[in-house]
Amino acid sequence: NSFCTLLGSSIRSETMTALVTDAGSRPQLIFLPCCGMAFWTIGSLFRLGYARSTALKSRKMRMSYYKLYNDGGEPEHIALLSQHVENLFEAPPLFYLACIVLYLTKGVSPVTAGLAWVYLLCRMVHTVVHTGTNNVRHRFFSYIASTVAMLGLWGFAAKAVLEA
């Protein structure tokens, strides 16, 4: 809840509305949620690196583990962060590609821009839940919501390809 409050207060609704509604006349705006996703992924990588280096310095794990990822193990919270970073390299590339296809086929619209922002926000919520409380039900709903948004993007992308 505090994450959503922080996110809501940091993003002015007029600004978000403009980014979505201006997408029809400024199709390059479809790449802003892509940039957000990329920065979110990079931030997650730094968070994982920091957690790993802290665990190594405090001797909660051994460096030899990283040779083949089979000598001992990572503490549970680091394994969770590691799994989440892997997740950020699975579905999001499809999101990036859908946005590129929409841009190249002139399929960017306020609706597709809105779907791209919804995808990003759902993935951010998924990260907070997965690496925080790890409530599987909440995590599942944020994942499903992001998947539905991506399916919508791909539906519009396919339509734009057929009409190009």
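Residues numbered from 1 in each chain as written. Predicted model: local features only at pLDDT ≥ 70, side-chain atom pairs only at ≥ 80, totals over all residues. Heavy atoms only, no water.

Asker: Which parts of the structure should I look at to understand the packing of aromatic side chains?
Answerer: When we look at a pair of aromatic rings, we describe it by the centre distance and by the angle of the planes. Across all of its chains, the model carries four aromatic pairs by this definition. Aromatic pair Phe95 and Tyr96: ring centres 5.8 Å apart, planes at 50 degrees, arrangement tilted. A residue is classified by how much of its surface remains accessible, and Phe95, at 0% relative accessible area, is buried. (Phe/Tyr/Trp six-rings, centres within 6.5 Å; stacked < 30°, edge-to-face > 60°. Buried < 20%, exposed > 50% of the residue type's maximum accessible area, 1.4 Å probe, protein only.)

Asker: Please explain helix H8 (residues 136–163) as it appears in this structure.
Answerer: Since there are 3.6 residues in each turn of an α-helix, residues three or four apart along the chain are aligned in direction. Taking 1.5 Å per residue as the helical rise, H8 with its 28 residues ought to reach 40 Å, and the 40 Å between its terminal C-alpha atoms agrees with that figure. What H8 keeps buried is the set Ser142, Ser146, Ala149, Met150, Leu153, Ala157 and Ala160. Contacts from the buried residues of H8 go to helix H6 (92–104) and helix H7 (110–131). Put simply, Asn135 is the residue that caps the front of H8, since its side-chain oxygen is 3.0 Å from the backbone nitrogen of Arg137. (Helix = DSSP H or I, 4+ residues; strand = E, 2+ residues; numbered from the N terminus. Expected span 1.5 Å × (residues − 1). Contact = heavy atoms within 4.5 Å. Polar contact = N/O pair within 3.5 Å; in protein donor to acceptor, adjacent residues only side chain to side chain.)

Asker: Before we go on, may I ask you to explain the state of the cysteines in this structure?
Answerer: Scanning the model with the defined rule gives zero disulfides in all. Free of any disulfide, Cys34 has its nearest cysteine sulfur in Cys99, 3.6 Å distant. Cysteine Cys35 remains unbridged, with the sulfur of Cys34 as its closest cysteine sulfur at 6.9 Å. Among the residues examined, Cys35 registers a relative accessible area of 37% and is labelled partly exposed. (Disulfide = S-S within 2.5 Å.)

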